[in-house]
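Residue-level listing of the chains:
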Amino acid sequence: MSSGKKLLLMGRSGSGKSSMRSIIFSNYSAFDTRRLGATIDVEHSNLRFLNNMTLNLWDCGGQDAFMENFLNNDSDSQNVNSSSNIFKKCEVLIHVFDVESKEVQKDIEIFKRVLDNLHKFSPNVKIFILVHKMDLIQINKRQELFDIMFNKLDNVAYENYRFKIKGFATSIWDESLYKAWSQIVCSLIPNISLYEQQLSKFNSIVNAREMILFEKTTFLVISSTNKFTVGGDELDPKRFEKISNIIKTYKQSVNKIRTNFNNLVLHGRGSSIYLDVLTSNIYIMIIVGPPKTSPGYQVDDESLVLENIKIARTLFEKIEKGK
Amino acid sequence: MDVEAVVFHDMQPLDTLYLESTTKPTTENFRSLIDLAVMELPGQLNLFEPSLYDSEKLFSSIGALVYVIDSQDEYLSALQNLAVIIKYACSVNSNLHIEVLIHKIDGLSEDFRLETQRDIMQRVGDDLLDYGLDGVQISFYLTSIFDHSIYEAFSRIVQKLIFELPALENLLDLLMQYSTLDKVFLFDVNSKIYVATDSSPVDIQTYEVCAEFIDVTIDLDGLYESGSDAEPNTNPQPTRCVSKLQSGSVLYLQQMIRGLALVAVTRLEDENDANALAVIDHNVLVFKKSLEKLWERSRIQ
Ligand SMILES: Nc1nc2c(ncn2[C@@H]2O[C@H](COP(=O)(O)OP(=O)(O)OP(=O)(O)O)[C@@H](O)[C@H]2O)c(=O)[nH]1
Ligand SMILES: Nc1nc2c(ncn2[C@@H]2O[C@H](COP(=O)(O)OP(=O)(O)O)[C@@H](O)[C@H]2O)c(=O)[nH]1
Ligand SMILES: [Mg+2]
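Reference entry: report on the structure contained in this document.

Conventions used here
- Residues numbered from 1 in each chain as written.
- Chains lettered and ligands numbered in written order.
- Predicted model: local features only at pLDDT ≥ 70, side-chain atom pairs only at ≥ 80, totals over all residues.
- Heavy atoms only, no water.
- Helix = DSSP H or I, 4+ residues; strand = E, 2+ residues; numbered from the N terminus.
- Buried < 20%, exposed > 50% of the residue type's maximum accessible area, 1.4 Å probe, protein only.
- Contact = heavy atoms within 4.5 Å.
- Axes fitted to C-alpha atoms, helices over the stretch in contact; angles between N-to-C directions.
- Parallel < 35°, antiparallel > 145°, perpendicular 65-115°, else oblique.
- Left-handed = near helix turned anticlockwise from the far one by under 90°.
- Nonpolar A, V, L, I, M, F, W, Y, C, P; charged D, E, K, R; others polar.
- Pairing = 2+ DSSP bridges.
- Right-handed = clockwise from strand over helix to strand, strands pointing away.
- Core = buried A, V, L, I, M, F, W, Y, C linked by side-chain atoms within 4.5 Å.
- Donors = N, O, S within 2.8 Å, 3.2 Å for Na, K, Ca; no water.
- Buried area = accessible area lost by both parts, 1.4 Å probe.
- Salt bridge = Lys/Arg side-chain N within 4 Å of Asp/Glu carboxyl O.
- Polar contact = N/O pair within 3.5 Å; in protein donor to acceptor, adjacent residues only side chain to side chain.
- Near = heavy atom within 4 Å.

**What about the overall build of chain A?**
And step 1. What chain A contains, in helices and strands, is 9 helices and 11 strands.
And step 2. Counting over 323 residues, chain A shows a buried share of 56%.
And step 3. Here the contacts in chain A between residues at least 6 apart in sequence split such that 68% fall between residues at least 24 apart.

See below:
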C-alpha cells in the first residue's frame, strides 16, 4: 500500500459526501443516492486509479457524535478513530458544505477544527472545499453565494494556518461534480505532464479538433489537447464534465443489458467523434472536423482513426507502467 | 398533467414536483411522422359544463382518449367519472380508442400493482355493463414517470393512430431480414416514443437502451456542433452513431426524416465488421427512401 494516497472526505451529516463518492466511484446514479443512510464512523474504500495509484478514501460520518470523536480525542491511541489516526498522512482533504445548511457558523467552526488537526498531523495536505447541492439554488444566485462562502472559508484557512484552498460549486444533479473531482484527482497524478506531452505528439499526426483522455472507471478527465483552436472555434467550457456525465450515463444504460461498451463512433452534424479504449485504464475521445475549424489536413476516415488509436496504445501503456 | 410534460417535453421527473395542477384545458401540437395534437383536460372541472366546452365537437374530433388514474390515491370516484366519460364519448365517436393509464405505480409494491390493475379493470367493466356498454374496447397500462413505462404506453397509444403502421412494420421486418438485425425501432427523437418497430416482441430493457442511445448521440453531437450560427451545418450526411458493446452486440442509430431516428441492435460476429456495417448502411438508406415516399403519399390523401 505504499503508493496509496489518503483522501479525507469531511463535512456535516447530510451534506452529500457518500452520495458523491458513490456516483464517482461506484456507478450510482443521482437517483440511487436517496437510498444511502447516514455513515457510521468511517467508511474506507480503496480504489485503483490508473495503473499504479491507489486512492484510500476515508468517508467520515458527519453526525456530531462522530465528529467530536474524530476531532477531540488525541491521547487515546487505541482508538482507531482518534484524531491522530484520522488526520495523519493525508494527501487531500475534501470538505463538503451543504449550500442550504441552517447552521453555517457551526459548519465553519467544524471546518476550522478539521484544519487545526491537519495543521498538526498533515501540514502538506491539499485542501478542496465543495459548496454542494447547488441545484437547490436559483441559477442566477449560485455564483454570488459560492463566492461569499468560499471567501469566508479561504480567510479561515489562510489567516489561521496559511493553507491555500481551492473550491468548487457542485451538485450531483449536473456535471459540476465531475469537474471538481477531475481536478482533485489530477492533482495527485505525478506524471500527469507525460500524458499531456504524449497526447499532443499524437495529435500532431491526426490533427484532430480535440483529444481527451478519460480514466476508465470514473470517467474523470486526465488530460486533453486542443491543438487547432483558432478564433472561431468557441467550444463549451463545460464540455469535459458534460462528456464524463454523458458517457457514464451511457455506461449505466448498457449495464441494463449486462454489458459495457467497447467503442462509439458518431458522425454528427458538426464533427465526427471517436470514443475508444486506449489502455486498460484509459479511454480516448477524438473529435475531428469540421475542416474550417482546424487548418491543415485532418484524418477523418473511420478505419484510419481507429488504426491510429491502436498504434498510440503502446506509447501510453509505457507511461502507465511508469517508464 | 405532468405525464405529458415528461413524455413530450423531455422534462426530468424530479422537475415535475414543481408543476402546478392543471386547471385549464391546453392544446399542443407535435409534428412527427404524423401531426399529433395533444390536448390536456383538467380533472377537477366538469366536462359537461356546456359553457366551457363544446363536448360534442371535442369528442368527435379526437382519435384517442387517454384517462389517467392516480393509483396512489382513492380512485373510486375517478372510475365513476371515467365510466360517464366513456358513455358520452362512445355516443359521439364510435371509433375512439380508449386508453387508461394506471399511474404512479412506482409507489406500489410489485404484487399490489397487478392487484390494483385487476381491481380497476373489474370495476370499469362493471360500470360499463350497468350502462349497457359491453362491447367497448379499453386498453389499460401501468405507468410511472420514474421509469420508461410511460413512454412505452404512449408509444403504443400513438401507434394505434398511425394509419401507415402496417406498411411501416413490414418495411422494418424486411430491413431486419436483409441486415440481420436483432431489433429495430423507429423513434420520434424528441419524445422517445417509438412510432413503429419490427414484429418481434419488445423487451423493455432493449427499448430503454435504444431510447437512451438517442440521448447519448444528441448530447455528444451538441457539444461539438460547428459553433457559429452564421454558417448553417455544412455536413449533408445524416447523423449516424455506432457503438460496439462487449457482449458482441452493436447499437446503430441513423437519422431519418421528420424528427425520426432509426435505432437498431445487431450483432457483428466476424472480424470483417466494416463490410457488415456497410450493408446495414445501404439497407437503412433504402428504408429511408421508402419512408419518404410513404410520407409523401400519405400527405396527398
Ligand atoms: N438536491 C441535492 N441533494 C443531494 C445532493 N447530494 C446529495 N444529496 C442528497 O442528500 C442526502 C444525504 O446525502 P449523503 O451522501 O448520505 O450525506 P453524507 O454527507 O454522507 O452524510 P453522513 O454520512 O451522515 O455524514 C441524500 O438523500 C442525497 O440524495 C445534491 O447535489 N443535490
Ligand atoms: N410517485 C409518483 N408521483 C407522480 C407520478 N406522476 C406524477 N406524479 C406527481 O403527482 C403530482 C401532481 O401531478 P400533475 O400531473 O401535475 O397533476 P394534474 O395535472 O392535476 O393531473 C406532482 O407532484 C407529480 O410529481 C408518478 O409516476 N409517480
Ligand atoms: Mg455518508
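Now, onward.
**Here's the deal with the packing of helix α7 (residues 192-206) of chain A against helix α9 (residues 302-320) of chain A**
All names here are of chain A.
And step 1. Following both chains from N to C, one finds α7 and α9 inclined at 165 degrees, their axes separated by 10 Å at the closest point. In terms of orientation, α7 lies roughly antiparallel with respect to α9. You can see that α7 and α9 cross each other, and the crossing is right-handed. On α9, the residues that touch L194, Y195, Q198, L199, F202, I205 and V206 of α7 are N308, I309, A312, L315, F316, I319 and E320.
And step 2. Its residues assigned to classes, the contact of α7 with α9 comprises 11 nonpolar, 2 polar and 1 charged.

**What about the pairing of strand β5 (residues 138-142) of chain B?**
Residues and elements named next belong to chain B.
And step 1. Counting buried residues along β5, 4 of its 5 residues qualify, which places the element largely inside the surrounding structure.
And step 2. Here 5 bridges tie strand β4 (residues 97-103) to β5, and the two strands are oriented parallel to one another. Pairing of E99 across the sheet is with S139, part of β5.
And step 3. Considered for its hand, the β-α-β crossover made up of β4, helix α4 (residues 110-130) and β5 is right-handed.

**Let's talk about the nonpolar core**
And step 1. Counting 78 residues, the largest nonpolar core has M285 of chain A together with L186, L220 and L262 of chain B as the members making the most contacts within it.
And step 2. Ranked by residue count, the leading element in this core is helix α7 (residues 204-223) of chain B, at 9 residues.
And step 3. With 51 residues, the next largest nonpolar core counts I23, I172, L220 and I286 of chain A among its residues.

**A look at the coordination of the magnesium ion (ligand 3)**
Residues and elements named next belong to chain A.
And step 1. Distances from the magnesium ion (ligand 3) to its protein donors, S18 (OG) and T39 (OG1), fall within 2.0 Å. Of this pair, S18 sits in helix α1 (residues 17-26) while T39 sits in the loop between α1 and β2 (42-49), placing them 21 residues apart in sequence.
And step 2. For S18, a relative accessible area of 10% puts it in the buried group.

**Focus: the environment of L76 of chain B**
And step 1. Note on placement: L76 of chain B falls in helix α3 (residues 76-92).
And step 2. Sequence separation of L76 of chain B and R123 of chain B is 47 residues, and the distance between their C-alpha atoms is 8.7 Å.

**Looking at the pairing of strand β6 (residues 181-188) of chain B**
Looking along a regular strand, one sees side chains alternate from face to face of the sheet.
All names here are of chain B.
And step 1. In terms of burial, β6 is largely enclosed, as 7 of its 8 residues are buried.
And step 2. Across 7 bridges, the pairing between β6 and strand β10 (residues 260-267) is antiparallel. When the sheet's bridge partners are listed, D188 is paired in β10 with L260.
And step 3. As judged from the 3 bridges shared by β6 and strand β7 (residues 194-197), these two strands associate in the antiparallel manner. The residue of β7 that forms the bridge with F187 is Y194.
And step 4. The hairpin formed by β6 and β7 contains 5 residues between the paired strands, and K192 there has a positive phi angle of roughly 65 degrees.

**Quick word on the interface of chain A and chain B**
And step 1. The interface of chain A with chain B comprises 37 residues on the first partner and 30 residues on the second.
And step 2. Surface buried jointly by chain A and chain B totals about 3300 Å² across both partners, of which 58% is contributed by carbon and sulfur atoms.
And step 3. Sorting the residues of chain A by area buried against chain B places I246, K256 and R269 of chain A first, and these three jointly supply 20% of that buried surface.
And step 4. Linking K256 of chain A and E208 of chain B is a salt bridge whose minimum nitrogen-to-oxygen distance equals 2.8 Å.
And step 5. On the surface where chain A and chain B come into contact, there are 16 residue pairs in polar contact (both at pLDDT 80 or more).
And step 6. Looking at the side of chain A that touches chain B, the elements that each hand over two or more residues are β7 (210-215), α8 (239-255), β9 (261-267) and β11 (282-288) of chain A.
And step 7. In terms of residues, the side of chain A that touches chain B owes the most to one element, α8 of chain A, which gives 8 residues.
And step 8. Residue composition of the side of chain A that touches chain B, grouped by class: 18 nonpolar, 9 polar and 10 charged.
And step 9. Relative to strand β8 (residues 240-245) of chain B, β9 of chain A is paired through 6 bridges, and the arrangement is antiparallel. Paired with V265 of chain A across the two strands is V242 of chain B, which belongs to β8 of chain B.

**A few points about the sheet that holds strand β1 (residues 4-11) of chain A**
All names here are of chain A.
And step 1. Strand order in the open sheet formed by 6 strands is β2-β3-β1-β4-β5-β6, and the pairing between neighbours is mixed. Of all strands in the sheet, those bounded by a partner on one side alone are β2 and β6 (165-169). Averaged over all neighbouring strand pairs, the angle between strand axes comes to 20 degrees, with direction disregarded.
And step 2. Two elements, β1 and strand β3 (residues 53-60), share 6 bridges in a ladder whose sense is parallel. Across the sheet, residue K6 finds its bridge partner in β3, namely N56.
And step 3. Across the sheet, helix α5 (residues 139-161) touches β4 (92-98), β5 (126-132) and β6, and the angle it forms with β6 is around 160 degrees.

**Side note on the site of ligand 1**
Residue and element names in this part refer to chain A.
And step 1. Near ligand 1 lie 21 residues; those nearest to it are S13, K17, S19, G62 and D135.
And step 2. Within the backbone of S15, a nitrogen or oxygen atom sits 3.4 Å from an oxygen atom of ligand 1.
And step 3. Note that an oxygen atom of ligand 1 is positioned 2.7 Å from one of the backbone N or O atoms of T39.
And step 4. When the residues that make up the shell around ligand 1 are grouped by side-chain class, the tally is 4 nonpolar, 12 polar and 5 charged.

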